[in-house]
Amino acid sequence: MQDGGQSGQPGAAPTIDGPPGQPTLARLTSILGRSAAALLVVGTDHGEILGVTPALLTLLGRSGAEVTAQRAAALVAPAHHAQLSALLGGPLLPAPAPLDLLRGDGHPLSVQVRALPLPAPHRATAVIVTSAPTLTRESLHRELLEHLPIDVALFDPQGRYLYCNPAAIRDPGIRAAVVGLTNAEYGLWRAHPPELAQRRAEHFAEAVAGRRAVQWQETMRGGGEQRVYTRAYWPVFGADGALHLMIGHGLDVTTSVEQDQRMTLLETMVATSVDPLLLLDARPGPTYLTVVYGNPALRELLRQQGLEDVPDSPLPEWPLGSGNRVTITAMIGQLHPSEPRREVLYLPDAHQWLELHASPILAPDGQCTHWAVNLRDVTDAQRATQVQTHVAAANRLALGGAPLQDSLDALLGGIETLNPGWKVALVVAEPDGALQVVGEINRTFRQAVNGTASQHLEDVWAQMDPDRTGLSMDIPDLLDFDSPLPAARDVAPRMGVRTLTQLPLYGRDGQLLGVLVAAHSQAHQWAAPLTDALRRRVPAASMLVEQHLQQRRLSTLAFTDALTGLMNRVTLGERLDRLLGDAEQSGERLAFGLMDLDRFKFLNDGYGHVAGDRLLRQLAGRLEQVCAAYAVPALARMGGDEFAVIVPAARLPEVTAALNAAFDQPFETGSGAVLMQASLGWSVYPDTARDASELHQQADAAMYSAKRRQLFSQVFEASPRTGRQTLTLETALRESLRDGDFHLVFQPQIGVRRGSLVGAEALLRWTHPVLGAVPPDQFIPVAEMGGLMGQLGDWVLRVACQEATRWTGVCLSVNVSSVQLNAPDFADQVRAALAGSGLSARRLVLEVTETGLLDNPARTRQTLQALRDDGVRISIDDFGTGYSSLVSVRTLPVDELKIDRSFVNDLGQDSQEGRESRAIIGASVLMAHAMGIDVVAEGVETPEQAAQLAELGCDLMQGWLYAPGLSAEQFLDWQARWRQKTAAP
């Protein structure tokens, strides 16, 4: 009583397994069974006999097998069954009660009993026979109280200890010494807090005054921790009404208190959880699948679905919409009676995703009685995931060059399914100033919007969203829409839709790119979920539109001359190839002309580039009029002041005359009118030229011949002398290949970011004993025509690889002709050069021309891919001067683009050419980097060019700004000096 079972020495009383104060029921029964007292342990729920002492069996003349597993009522006379029930459900240690037990011979035995409920959580009661013909009070004390596993002490009327059992004080010495002491004296001896004894004295007096049992809780420190005990005093009064005896009882309820605290916290947690929580009945019967408990968050979720409270009906019958019920019914069918389940549910009627965790609650027999269900609204996360998935798909398509319609379909996928009746499209403000619908709302909408001036859209959104915040414009009914702009009011009735919601798309510079539009054929449709879904996709849609417009601009730059709007050289080349193919089939003769303005440089120098650009635009307009009048199939600006035209050869004289007449009138420059003249050269297919390349060469030669002879035009005529000159040069080439008159020089390639030496290009040089130094542009075409290019290229490759092995960490670039590429054993030649020199394949870069790539695309792709697989890198040389485009490059195995020096030369000039070159280089770098391709600029001669190239994002540069072509020994010396220079602080 005083020490709460924690005082004294270990081993003084039986130890009980399990938490303090809560021995197992089997252990309790075993302890009580060893008592000499006459008692039995009865289960409270069903009244079954859990244990009986030999003393009681002897008293009743029965055996243990006879009474074990029987109900206690079988040992009690029928007239006293009600008294037995009262004892089993009654208070702790009540006053002795009479009870007639049945002996083994069937005769009753009248006894006095007390009921002692065992501590929680054991649902059992000890029934103790306190008086019988063979029992004494002293034996009760000695045999019963000594073995009780609960604290019991007896006090005299003055509050002095008469007795204390081992469960209360374990140490027998202390237990003996406490007899005769009051609580105050004992507490002073044992150094208990004074207020503890004071409270006990108060409760003692309260029990006496009230003549009833008094119960309270107190906290004591024992075994190094705080313990909580339930204490009680039961007064026993004599026949004269005076206090005869006070029975004290103590029970360690620390675990029960902690459980109550945990239960309170658990209930608070469940009640305040933001996640809906519920218990679902899993027992067969009328309550199956009903919700027996739901926290406030569940009720809030149901209110969002239109339910004010948790329905009493089974969950699948709740009025939540047909689509939602289908989902819920399918989910319930997946619940397992012994395994937890996790899944994400989509409620289509509510446009909501819920993450579900369902755990079975099992009865002691292993049967599932309930499911504990935790719901979490993951709508935002699910929508974000869907948006990310659709955005990724759209980006993949866009990077792969797919049309905007395909990318938009991927981005908006699923929106129309989740929002029945709605149609979504994109309205783009195209560069030509007109609106274009991408997507399908309906034909009427497309016809009403397509071609409308994009300025109308700009005006609307300038008023609706002046700060460019991206607010949506929701129109419940287009037929009742009072727009402040007349143009919008005019087009609204012709759109074929009623409800409209729009979200503006802005570019990085704040410009309006277009709008995302969702339309419904009915008026006043709820658009909030749809608008939210579209808003999540606005950034991606803006990026797609911006990329689309950039591609349109790049296409314009790639195929159209920016200054005049005519075809550019690339487009003309493609058109010429098609026309030659048609002419070959039909037998038609074609004339190809190149026209160059005379003394245009002097006009630029005298009046300025602005005046020159103005004159070129006027000339382009006059030439377009001539071509339209004579149905000329192609007119292009080749660059600078050079134009090209393709006409049927039969109309050559009259077209030439009309073109000459275009110069009869002066041109207005803004600084005065000037008269200009031009020189025009023609080449005719198939008279003198067999393909596009020969047409170009011959027309160019005829144009310069006309210029020298001061004629307006001249048609190319073949000269026998050209063949002899070519034959002489070819002979000299063969002699030099035999005698070793060729040598290589190496031009360094510098990394833009760090200024480090990255690579070097091997350049072929020829010095003939008689002819002297012959430029590559003269002997390379002759070598190709004479079939010497394969032998010459193989020599370059082998010697360059051998030299590169002397370098450290520097790559080697080698030019490869189309003749070499088309050779069936070219890949083997490259591998042999690498193997013979010991150079790593990863240090070799093969530079091929655009024409070489396109001469035999299938074989070229196969050969280059095989070399790339070995580690060799592939570069396109002189990019921008041939007939390919970035679109075609995307399909080829390319690692590097080399911007032609003609574009680099114009950088830094305040002219149309300078601006065009900067735009072309910038666009090429942007698209190349998007495809993982590096960009090299060649012909860099000035710091200004280098600065602009670095600003545009070029990766490598080479040119005279850094070094000319160097011999092998000079390159080694330059490499060492450059590394010292870049390493210096």
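Residues numbered from 1 in each chain as written. Predicted model: local features only at pLDDT ≥ 70, side-chain atom pairs only at ≥ 80, totals over all residues. Heavy atoms only, no water.

## Notes on the overall build of the protein
Going by this rule: Where helices and strands are cited, they refer to DSSP runs of H or I of at least four residues and of E of at least two residues respectively, numbered from the N terminus. Burial here depends on accessible area, computed with a 1.4 Å probe over protein chains only, as a share of the maximum for the residue type. Under 20% is buried, over 50% is exposed, and the range in between is partly exposed. What sets the accessible areas is the Shrake-Rupley method with a 1.4 Å probe; for residues, cover comes only from the shown protein chains.
From N to C terminus, the protein includes 35 helices and 36 strands. Buried residues in the protein amount to 48% of all 985 residues. Entry remark: accessible area of the protein is about 46,800 Å², with carbon and sulfur atoms responsible for 53%.

## Points about the sheet that holds strand β21 (residues 590-597)
Where we set the bar: When DSSP finds at least two bridges between two strands, those strands are taken to pair. Note on geometry: axes are C-alpha line fits, over the in-contact stretch for helices, and angles between N-to-C directions span 0 to 180 degrees. Contacts are assigned to residue pairs with any non-hydrogen atoms lying within 4.5 Å of each other.
Judged by pairing direction, the sheet is mixed, and its five strands sit side by side in the order β22-β23-β21-β26-β27 without closing on themselves. Of all strands in the sheet, those bounded by a partner on one side alone are β22 (634-639) and β27 (713-715). Shown here is a sheet whose adjacent strand axes are inclined to one another by a mean of 20°, direction ignored. Bridge count for β21 against strand β26 (residues 678-685) is eight bridges, and the pairing is antiparallel. Within the sheet, the bridge partner assigned to Leu590 lies in β26 and is Tyr685. Lying on the sheet, helix α19 (residues 569-586) is in contact with β21, β22, β23 (642-648) and β26; it crosses β22 at an angle near 140°.

## Digging into a nonpolar patch on the surface
Here is the rule we go by: Patches draw on residues past 30% relative accessible area with no salt bridge. Two like charges within 9 Å are joined, as are two nonpolar side chains (Val, Leu, Ile, Met, Phe, Trp, Tyr) within 5 Å. Salt bridge, as used here, is a side-chain nitrogen of Lys or Arg placed within 4 Å of a carboxyl oxygen of Asp or Glu.
Taken together, the side chains of Met263, Leu266 and Met269 make up a nonpolar region of the molecular surface, amounting to roughly 300 Å² of accessible area. Looking at the secondary structure, you find Leu266 in helix α9 (residues 254-272).

## Observations regarding the packing of helix α12 (residues 379-399) against helix α13 (residues 404-411)
For clarity, the threshold we go by: Throughout, the term roughly parallel applies to angles under 35 degrees, roughly antiparallel to angles over 145, roughly perpendicular to angles from 65 to 115, and oblique to all others. A clockwise turn of the near helix away from the far one marks a right-handed crossing, whereas an anticlockwise turn of less than a right angle marks a left-handed crossing.
The interhelical angle for the contact between α12 and α13, taken along N-to-C directions, is 165°, at an axis separation of 7 Å. One element, α12, and the other, α13, form an angle in the roughly antiparallel class. For the crossing formed where α12 meets α13, the hand is right-handed. Residues His390, Val391, Ala393, Ala394, Leu397 and Ala398 of α12 form the contact with α13, whose participating residues are Asp406, Ser407, Ala410 and Leu411.

## Notes on the pairing of strand β19 (residues 499-506)
In terms of burial, β19 is a largely internal element, eight of the eight residues being buried. Burial of the side chains of β19 extends over both faces: Thr499, Thr501, Leu503 and Leu505 are buried on one face and Leu500, Gln502, Pro504 and Tyr506 on the other. One ladder, built from three bridges, connects strand β18 (residues 473-475) with β19; its direction is antiparallel. Residue pairing across strands places Ile475 opposite Leu500, the latter belonging to β19. With eight bridges connecting them, β19 and strand β20 (residues 512-520) associate as antiparallel partners. In the sheet register, Thr501 faces β20, and the bridge partner there is Ala518. Linkage of β19 to β20, two consecutive antiparallel strands, is achieved through a turn of five residues, within which Gly510 is found at a positive phi near 90°.

## Examining the environment of Phe204
By secondary structure assignment, the location of Phe204 is in helix α8 (residues 194-210). Among the residues examined, Phe204 registers a relative accessible area of 11% and is labelled buried. Sequence-wise, Phe204 and Trp234 are 30 residues apart; in three dimensions their C-alpha atoms are separated by 9.0 Å. In this structure, Phe204 is in contact with Phe155, Asp156, Pro157, Gly159, Tyr233, Leu243 and Met246, ignoring residues within four places of it in sequence.

## Side note on the confidence of the model for the protein
Applied cut-off: Along the chain, pLDDT gives the predictor's confidence residue by residue, from 0 to 100.
Of all residues in the protein, 88% attain a pLDDT of 70 or more, and the chain-wide mean is 83. Within the model, pLDDT remains below 50 along residues 4-23, and this stretch shows 46 contacts once partners closer than five positions in the same chain are excluded. Counting contacts from residues 720-727, a segment whose pLDDT is below 50, to residues more than four positions away or on other chains yields one contact.

## Remarks on the side chain of Glu938
Position of Glu938 relative to the elements: it lies in the loop between β35 (934-937) and α34 (943-952). If we ignore the near neighbours within four places in the chain, the residues touching Glu938 are Glu761, Asp877, Asp878, Lys898, Ile899, Asp900, Arg901, Val904 and Gln958.

## A short note on the sheet that holds strand β12 (residues 291-294)
Read across the open sheet, the five strands follow the order β12-β11-β15-β14-β13; overall the sheet is antiparallel. Taken across any chain shown, the strands that pair with only one partner, and hence form the sheet edges, are β12 and β13 (341-347). The sheet shows a mean angle of 25° between the axes of neighbouring strands, direction not considered. Each of β11 (277-281), β12, β14 (352-362) and β15 (368-377) is contacted by helix α10 (residues 296-304), which is oriented at about 105° to β12, the strand it contacts most. In this fold helix α11 (residues 322-333) packs onto β13 and β14, with an angle of close to 170° to the strand it touches most, β13.

## Things to note about helix α16 (residues 454-464)
The test is simple: Read the arc as the range of directions from the helix axis to the C-beta atoms.
For α16, the set of buried residues is Ser454, Leu457, Val460 and Trp461. For α16, the angular spread of buried residues about the axis comes to 115°, placing them on one side.

## Some thoughts on the packing of aromatic side chains
Filter applied, for reference: Aromatic contacts are taken between Phe, Tyr and Trp rings whose centres are within 6.5 Å, Trp giving its six-membered ring; a plane angle under 30 degrees counts as stacked, one over 60 as edge-to-face, and the others as tilted. Ring-over charges, as used throughout, are those where CZ of Arg or NZ of Lys falls within 6 Å of the ring centre and within 35 degrees of the ring normal.
Counted under the stated rule, the structure contains 18 aromatic pairs. Ring centres of Phe155 and Tyr161 lie 4.6 Å apart, and the angle between their planes is 50°; this geometry places the pair in the tilted category. Comparing Phe155 with Tyr161 shows no difference in burial state: the two are buried. An angle of 50° between the planes, with centres 6.3 Å apart, marks the rings of Phe746 and Phe971 as tilted. Of this pair, Phe746 sits in strand β28 (residues 742-751) while Phe971 sits in helix α35 (residues 968-983), placing them 225 residues apart in sequence. Just as Phe746 is buried, Phe971 falls in that class too. Counting every residue linked through ring pairs, the aromatic cluster contains Phe155, Tyr161, Tyr186, Trp189, Phe204, Trp216 and Tyr233. Sitting over the face of the ring of Phe237, Arg211 holds its NZ or CZ atom 3.8 Å from the ring centroid. Above the face of the Tyr229 ring, Arg231 is positioned so that its terminal group lies 4.7 Å from the ring centre.

## Remarks on the nonpolar core
Where we set the bar: Grouping buried Ala, Val, Leu, Ile, Met, Phe, Trp, Tyr and Cys residues that are joined through side-chain atoms within 4.5 Å yields what is termed a nonpolar core.
With 50 residues, the main nonpolar core has Phe746, Leu812, Leu844 and Leu846 as its most contacted residues. It is helix α26 (residues 789-804) that contributes the most residues to this core, seven residues altogether. Apart from residues lying up to four places away in sequence, Leu812 is in contact with Phe746, Ala760, Ala762, Ala800, Cys801, Ala804, Trp807, Leu839, Arg843, Leu844 and Val845.

## Structural notes on the pairing of strand β9 (residues 225-237)
Pairing of β9 with strand β10 (residues 243-252) involves nine bridges; the strand directions are antiparallel. If you follow Thr230 over to β10, its bridge partner there is Leu251.

## Describing α26
Heads up, the condition is: The span expected for a helix works out to 1.5 Å for each residue beyond the first.
The first and last C-alpha atoms of α26 sit 22 Å apart over 16 residues, in line with the 22 Å expected at 1.5 Å per residue. Turning to α26, its buried residues are Met789, Leu792, Gly793, Val796, Leu797, Ala800, Cys801 and Ala804. Mapping the buried residues of α26 onto a view down its axis gives an arc of 155°, with all of them on the same face.

## Describing empty space enclosed by the protein
Quick note on the threshold: Lining residues are those with an atom within 4 Å of a point, where the points come from a 1 Å grid over the protein atoms alone and group into cavities, where a 1.4 Å probe fits but cannot get out, or pockets, open sets with protein on both sides within 12 Å along at least five of seven lines. Grid points are joined across faces, edges and corners, and a volume is the space filled by probe spheres set on the points.
Applying the stated criterion to the full structure yields four cavities of 30 Å³ or more. Estimates place the volume of the largest cavity at around 240 Å³. Taken together, 20 residues form the lining of the largest cavity, with Leu315, Leu320, Ile328, Leu354 and Leu375 sitting closest to its centre. At the level of elements, β11, α10, α11, β13, β14 and β15 are the ones that each hand at least two residues to the lining of the largest cavity. The dominant element in the lining of the largest cavity, judged by the number of residues it contributes, is α11, at four residues. Size it by volume and the second largest cavity reaches roughly 70 Å³. Forming the boundary of the second largest cavity are Leu40, Leu56, Leu60, Ala72, Leu75, Val76, Leu84, Leu99, Leu101, Val127 and Val129. Of all elements in the fold, only α2 (54-60), β3 (97-102) and β5 (124-131) reach the threshold of two or more residues within the lining of the second largest cavity.

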